[in-house]
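What follows is the residue order along each chain.
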Amino acid sequence: MEPAIIQILDLAGTFIFAVTGAVKGVRKRLDIFGVTVLACCVGVGGGIIRDLTIGIRPVSALRNEYYLLLCIASGIITFATAKYWMKIRNIIQIGDAFGLGVFTFLGAQKAYEAGLGCTGIILSGVVTAIGGGIIRDVLSGTVPVVLKSDFYATASMLGGALFCIMVKNDFPPAGLFPTVAGVVIALRLLALHYKIQLPAAGYLRHERAKFRKNTKKR
């Protein structure tokens, strides 16, 4: 795929993820600085972790100023138009699914270009896709969503595995992005629609049910 197209996709994914981070900040009632920080964390956090992990220095987000500027602009715009963003939750989730697919592919692609094996490719795709979200959740005082619910990181892992299979079988380069990103996006949207989640620990489910039951009695 042409470098210019990859950069456009990267910027599009960065913008979408930055908006989701900013929306989280708004819901947590942070000030404009806090909202912008979360926008930057989600927009470029995963890419920074990926680049540092596979040895790309300086990291892409610092070599190209457009990434951080785009995140800052996303945070400020989202803060200024917060009352509208709060009403379009479904669009945010769809956009987030798109970002997940794009970043999974880009992370896997960078790892492949760096000469990593399948394990490294898959992990690079996952880190790129979910790393910023984990930073966002930690900073906002919540347990990262990927650790407790949602078919999110799993969709990214499957996308990374698919990338490896396609590369090993000499799949045409032009078809890699639409196939890998499309599968990840589809898996995420299906999980949202049908409320698919990985099984939680049985003990925890039992304790939660017990707690709810006791609370109702009171």
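Each remark here, short or long, concerns the structure printed above.
Residues numbered from 1 in each chain as written. Predicted model: local features only at pLDDT ≥ 70, side-chain atom pairs only at ≥ 80, totals over all residues. Heavy atoms only, no water.

Let's shift gears to the side chain of asparagine 64. Inspection of the secondary structure puts asparagine 64 in the loop between α3 (60-63) and α4 (65-80). Residue classification places asparagine 64 among the buried positions, given a relative accessible area of 16%. Here tyrosine 66 takes part through its backbone nitrogen, which lies 3.0 Å from a polar atom of the side chain of asparagine 64. (Helix = DSSP H or I, 4+ residues; strand = E, 2+ residues; numbered from the N terminus. Buried < 20%, exposed > 50% of the residue type's maximum accessible area, 1.4 Å probe, protein only. Polar contact = N/O pair within 3.5 Å; in protein donor to acceptor, adjacent residues only side chain to side chain.)

For the rest of this paragraph, the subject is the packing of helix α1 (residues 3-27) against helix α7 (residues 118-139). Each pair of packed helices can be summarised by the angle the axes make with each other and by the distance between the axes. Look at α1 against α7: their axes get within 11 Å of each other, and the N-to-C directions meet at 15 degrees. By the angle between their axes, α1 is roughly parallel relative to α7. The handedness of the crossing between α1 and α7 is right-handed. Where α1 abuts α7, its residues Phe17, Thr20, Gly21 and Lys24 lie against Ala129, Arg136 and Asp137. Tallied by class, residues from the contact of α1 with α7 come to 2 nonpolar, 2 polar and 3 charged. (Axes fitted to C-alpha atoms, helices over the stretch in contact; angles between N-to-C directions. Parallel < 35°, antiparallel > 145°, perpendicular 65-115°, else oblique. Left-handed = near helix turned anticlockwise from the far one by under 90°. Contact = heavy atoms within 4.5 Å. Nonpolar A, V, L, I, M, F, W, Y, C, P; charged D, E, K, R; others polar.)

Time to look at the packing of aromatic side chains. Overall, the coordinates contain 4 aromatic pairs when judged by the stated rule. A centroid spacing of 5.2 Å and a plane angle of 70 degrees characterise the contact between phenylalanine 105 and phenylalanine 177, whose relative ring orientation is edge-to-face. Taken together, the positions of phenylalanine 105 in helix α6 (residues 89-113) and phenylalanine 177 in helix α10 (residues 173-194) put the pair 72 residues apart, joining distant regions of the chain. Note on phenylalanine 105: relative accessible area 1%, which makes it buried. Classification of phenylalanine 177 as buried rests on a relative accessible area of 14%. Members of the aromatic cluster, joined through ring pairs, are Phe105, Tyr112, Phe163 and Phe177. (Phe/Tyr/Trp six-rings, centres within 6.5 Å; stacked < 30°, edge-to-face > 60°.)

Let's shift gears to the pattern of salt bridges. Taken as a whole and assessed by the stated rule, the structure comprises 3 salt bridges. Between aspartate 51 and arginine 50 there is a salt bridge, with the nearest N and O atoms lying 2.9 Å from each other. Both residues of the pair, aspartate 51 and arginine 50, count as buried. With a shortest N-O distance of 3.0 Å, arginine 136 and aspartate 137 are connected by a salt bridge. With relative accessibility at 2%, the residue aspartate 137 sits in the buried group. (Salt bridge = Lys/Arg side-chain N within 4 Å of Asp/Glu carboxyl O.)

Before going further, it helps to examine unusual backbone geometry. Peptide bonds are trans in most cases, and residues, glycine excluded, mostly fall at negative phi. Across the junction of arginine 57 and proline 58, the peptide omega takes the value -10 degrees, indicating a cis bond. Residue position: proline 58 is located in the loop between α2 (32-54) and α3. Its identity as a non-glycine residue notwithstanding, arginine 29 has a phi of 60 degrees, on the positive side. You can see arginine 29 is positioned in the loop between α1 and α2. At aspartate 170, a residue that is not glycine, the phi angle is positive and equals roughly 55 degrees.

In contact at an axis separation of 7 Å, α1 and α2 are set at 145 degrees when each is read in the N-to-C sense. In the packing of α1 onto α2, the handedness of the crossing is right-handed. Residues Thr14, Phe17, Ala18, Thr20, Gly21, Ala22, Lys24, Gly25 and Val26 of α1 form the contact with α2, whose participating residues are Val35, Leu38, Ala39, Val42, Gly43 and Val44.

The subject of this paragraph is α4. Here α4 is 16 residues long and its end C-alpha atoms lie 23 Å apart, about the 22 Å a rise of 1.5 Å per residue gives. Taken together, the buried positions of α4 are occupied by Tyr67, Cys71, Ser74, Gly75 and Thr78. Looking down the long axis of α4, one finds its buried residues gathered within 95 degrees of arc, a one-sided arrangement. Relative to its buried face, α4 has exposed residues pointing more than 90 degrees away, namely Glu65, Tyr66 and Ala80. Where α4 is buried, its residues touch α1, α2, α3 and α5 (82-85). A side-chain oxygen of the first residue of α4 lies 3.0 Å from the backbone nitrogen of tyrosine 66; this N-cap is asparagine 64. (Expected span 1.5 Å × (residues − 1). Arc of directions from axis to C-beta.)

Inspection of every chain in the model, using the stated rule, returns 1 cavity of 30 Å³ or more. For the largest cavity, the calculated volume is near 110 Å³. For the largest cavity, the lining is made up of 14 residues, of which Asp10, Val44, Gly47, Arg50 and Tyr67 are closest to its centre. Sorting the residues of the lining of the largest cavity by element identifies α1, α2 and α3 as the ones contributing at least two each. Here the lining of the largest cavity takes 6 residues from α2, the largest share from any one element. Per-class residue counts for the lining of the largest cavity are 6 nonpolar, 5 polar and 3 charged. (1 Å grid on protein atoms, 1.4 Å probe; cavity = no way out; pocket = protein on both sides within 12 Å on 5 of 7 lines; lining within 4 Å. Points joined across faces, edges and corners; volume = space filled by probe spheres on them.)

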